[in-house]
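# Architecture at a glance
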Number of protein chains: 2
Amino acid sequence: MDRSRRVRLLPLLAALLAAAAGAAEPAAADAPDRPKTTQELLDASLPTDWRRPDPGNTLYMELEGGRVVIELAPDFAPAHVANIRTLARQGFWDGLTIYRSQDNFVVQFGDLVDEGGTPRPLGDAKPALPAEFSRPAEGLAFHALPDRDGWAPQTGFAAGFPAARDPAAGQAWMAHCYGTLGAGRDAAPDSSTGAELYVVTGQSPRQLDRNITQVGRVLHGMELLSVVPRGTGPLGFHEDAAKRVPIRAVRLASEVPEAERTDLQVLRTDTPLFDAVVESRRNRRDGWYVQPAGHIDLCNITVPVRIAD
Amino acid sequence: MDRSRRVRLLPLLAALLAAAAGAAEPAAADAPDRPKTTQELLDASLPTDWRRPDPGNTLYMELEGGRVVIELAPDFAPAHVANIRTLARQGFWDGLTIYRSQDNFVVQFGDLVDEGGTPRPLGDAKPALPAEFSRPAEGLAFHALPDRDGWAPQTGFAAGFPAARDPAAGQAWMAHCYGTLGAGRDAAPDSSTGAELYVVTGQSPRQLDRNITQVGRVLHGMELLSVVPRGTGPLGFHEDAAKRVPIRAVRLASEVPEAERTDLQVLRTDTPLFDAVVESRRNRRDGWYVQPAGHIDLCNITVPVRIAD
């Protein structure tokens with residue numbers, strides 16, 4: 001009994017391990033020429049299969065629990081990214097809070113102006129920006145997935161971000177997947193400044209695609225945002241200021257001394273290796289799965305990220 | 001500035017509100033005959049549009065932070081649900097822990113046997129059960145969605161649960177969406193007992209469909225599970241026992257005095273009202289959206305749940 005209970009638990013790990021994006025899968029010992037598992041593929045990767053995000057397009061959000069690393073997406077939202085860079089240089093978010101956490105949806109941070117409060121000035125940042133919901137598909141290298149998607153004619157990866165494309169309309173846009181960073185806006189499409197930001201912490205809200213400007217994606221430290229206790233006010237707002245999560249600082253990595261940077265490497269999404277990694281998730285070949293899905297949704301693909309030695 | 005900043009924030013709420021499943025959407029004042037919003041539809045619902053889950057198929061998981069209410073799915077996993085009922089009656093999970101929390105995937109609870117530990121006996125529960133990954137489609141009322149899905153030929157709702165169906169194979173199964181309760185298993189498909197359970201807290205891991213037995217879904221209190229700090233061990237296991245979340249008790253609602261029950265009502269999923277609610281999520285018609293999606297994925301549909309007055 002004791003032993004069997006242990007055994008039952010262990011392969012359960014393997015099972016969930018096999019299901020965990022980017023995680024190692026148990027090898028089927030009796031299949032020497034089987035397709036490689038995700039971990040085997042990553043173990044065999046070359047340095048050229050990985051990229052280092054540009055420190056000038058990388059944000060460090062410093063929380064009490066640690067650092068959240070965010071890659072900005074100038075290829076999709078150049079005006080917003082420029083404003084966010086300016087706001088970060090000014091320390092706009094320093095001392096502000098994550099004031100909202102709505103279960104299975106988003107956390108939101110920025111300058112929540114309580115009644116009678118005075119908003120923090122935007123300084124050199126622009127008070128108004130054009131909407132950047134989508135961009136011309138032309139000029140954007142798009143690595144398409146063969147898998148069907150209900151939300152868009154095509155999905156895939158562009159500039160390392162999960163993205164979608166409409167060849168007929170000639171437009172491309174980022175897709176709202178877990179970890180997406182977006183810029184809150186008013187009823188007017190062009191009313192976002194990048195000062196109020198949200199991060200997706202729940203089931204991919206793809207209905208927001210092409211309705212709001214996405215500015216980047218969390219590469220590291222999502223577990224610091226995803227566990228923020230849900231607010232008890234409407235929409236998950238923390239009406240009790242004491243429940244809001246303080247933001248120590250948000251900085252551009254390029255403005256942080258090199259010795260204090262997090263040296264992340266992100267798997268390139270335009271390589272044969274990446275295609276093989278996606279296939280290893282589309283059809284799990286380890287011993288545990290009895291029914292490989294034969295399909296994967298864009299937002300079920302986690303792009304592997306590692307910290308350089 | 002002050003005012004504009006306030007204004008910018010408010011519709012942002014409306015915007016995210018519109019995107020929040022089941023949440024009220026702002027009315028477009030100048031469109032008297034526009035399609036109704038989700039909230040307007042729910043406000044106009046009749047008592048017959050709602051159902052009360054069977055207390056004999058409802059679990060209360062009591063945590064320090066409050067109660068998680070789970071509906072069991074005997075239509076999909078009768079043998080596992082029977083075992084789970086037996087285990088709950090025996091207080092099997094009382095004093096055990098949520099010992100695993102893996103970001104964007106699952107929390108897992110049950111009897112984690114540490115080295116040298118003695119597992120808790122299953123008592124009257126069966127030590128072995130048949131795999132219940134899917135069931136014959138025949139005899140199961142299936143309310144299909146028109147929306148395309150990449151994982152299954154058909155998706156929809158059955159017995160109130162998000163489900164999928166393969167008419168050619170004549171099989172139906174529950175779909176792994178946020179809040180799904182599943183039974184961990186060993187490498188052998190028939191090795192789960194229902195003693196070790198997991199709840200999906202991340203992006204719908206549909207690749208698990210038809211590979212593991214799903215036994216129910218969390219109806220209320222997900223925010224107590226979704227914020228469990230992520231484990232720092234492999235697969236999100238909490239190697240430090242002090243970090244595991246104690247389970248005070250897991251009881252069948254039918255064994256809890258009526259005065260202590262949570263009187264939940266769940267929107268029926270086989271009604272014209274439900275179709276209208278789904279359509280109100282498929283195509284957001286409030287003033288904020290500039291591009292209604294015209295589509296919704298099964299796991300983006302949150303079945304409204306309310307506590308009876």
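How each quantity is defined
- Residues numbered from 1 in each chain as written.
- Chains lettered and ligands numbered in written order.
- Predicted model: local features only at pLDDT ≥ 70, side-chain atom pairs only at ≥ 80, totals over all residues.
- Heavy atoms only, no water.
- Helix = DSSP H or I, 4+ residues; strand = E, 2+ residues; numbered from the N terminus.
- Buried < 20%, exposed > 50% of the residue type's maximum accessible area, 1.4 Å probe, protein only.
- Contact = heavy atoms within 4.5 Å.
- Buried area = accessible area lost by both parts, 1.4 Å probe.
- Salt bridge = Lys/Arg side-chain N within 4 Å of Asp/Glu carboxyl O.
- Polar contact = N/O pair within 3.5 Å; in protein donor to acceptor, adjacent residues only side chain to side chain.
- pLDDT = per-residue confidence, 0-100.
- Core = buried A, V, L, I, M, F, W, Y, C linked by side-chain atoms within 4.5 Å.
- UniProt positions renumbered as here; feature names shortened; annotations may be inferred.
- 1 Å grid on protein atoms, 1.4 Å probe; cavity = no way out; pocket = protein on both sides within 12 Å on 5 of 7 lines; lining within 4 Å.
- Points joined across faces, edges and corners; volume = space filled by probe spheres on them.
- Nonpolar A, V, L, I, M, F, W, Y, C, P; charged D, E, K, R; others polar.

The name given to chain A in an unreviewed UniProt entry is peptidylprolyl isomerase, with Luteimonas padinae as the source organism.

Let us now look at the overall build of chain A. When helices and strands are tallied, chain A shows five helices and 16 strands. Among the 309 residues that make up chain A, the fraction classed as buried is 61%. Across chain A, contacts joining residues at least 24 apart in sequence account for 71% of those joining residues at least 6 apart.

Before going further, it helps to spend a moment on the interface of chain A and chain B. Taken together, the 79 residues of chain A in the interface contact 79 residues of chain B. Interface area, chain A with chain B, both sides summed: about 6800 Å², of which 58% is carbon and sulfur. Inspection of the chain A/chain B interface yields zero salt bridges. Counting the contacts that link chain A with chain B gives 22 residue pairs in polar contact (both at pLDDT 80 or more). Elements represented by at least two residues in the side of chain A that touches chain B include exactly helix 1 (2-19), strand 4 (97-102), strand 5 (106-110) and helix 4 (222-226) of chain A. In terms of residue count, the dominant contributor to the side of chain A that touches chain B is helix 1 of chain A (13 residues).

Moving on, we come to the confidence of the model for chain A. Residues and elements named next belong to chain A. Scored by pLDDT, chain A has a mean of 90; 90% of the residues are at 70 or more. In the predicted structure, residues 1-29 sits below a pLDDT of 50 and forms 89 contacts with residues beyond four places in sequence or in another chain. Two summary scores accompany this predicted model of the complex, namely pTM at 0.92 and ipTM at 0.91.

Of all hydrophobic cores here, the largest spans 34 residues; its most connected members are Met61(A), Trp93(A), Ile98(A), Phe109(A) and Leu225(A). Apart from the residues within four sequence positions on either side, Leu225(A) is in contact with Met61(A), Leu63(A), Val68(A), Ile98(A), Val107(A), Val199(A), Thr201(A) and Val218(A).

Moving on, we come to the UniProt feature "domain: PPIase cyclophilin-type" (unreviewed entry) in chain A. According to UniProt, the "domain: PPIase cyclophilin-type" (unreviewed entry) feature falls on residues 66-254 of chain A. For residues 66-254 of chain A, helix accounts for 9% and strand for 32%, while the C-alpha atoms at its two ends are 18 Å apart.

Turning to the pattern of salt bridges, a few remarks are in order. Proximity of charged atoms lets side chains of opposite charge pair with each other. By the definition in use, this model includes 20 salt bridges over all chains. As a salt-bridge pair, Asp149(A) and Arg206(A) come within 3.0 Å of each other at their nearest N and O atoms. Linking Asp149(A) in the loop between strand 7 (143-144) and strand 8 (154-158) with Arg206(A) in the loop between strand 12 (197-200) and strand 13 (213-220), this pair joins segments that are 57 residues apart in sequence. You'll find Asp149(A) and Arg206(A) in the same group, each marked buried. Asp103(B) serves as the salt-bridge partner of Arg230(B), at 2.8 Å between the closest nitrogen and oxygen. One end of the pair, Arg230(B), is in the loop between helix 4 (222-226) and strand 14 (245-252); the other, Asp103(B), is in the loop between strand 4 (97-102) and strand 5 (106-110), with 127 residues separating them in the sequence. Looking at Asp103(B), the relative accessible area reads 22%, which means it is partly exposed. Sharing partners across several salt bridges, the network here consists of Asp147(A), Glu279(A) and Arg282(A).

Inspection of the entire model under this criterion finds 10 cavities of 30 Å³ or more. What lines the largest cavity is a set of 16 residues, among which Asp149(A), Trp151(A), Arg206(A), Asp297(A) and Asp297(B) lie closest to the centre. For the lining of the largest cavity, the residue count by class is four nonpolar, five polar and seven charged. Around the second largest cavity, the lining residues are Gln291(A), Ala293(A), Trp151(B), Ala152(B), Trp173(B), Arg206(B), Gln207(B), Asp209(B), Arg210(B) and Asn211(B). Of the residues belonging to the lining of the second largest cavity, the class tally is four nonpolar, three polar and three charged.

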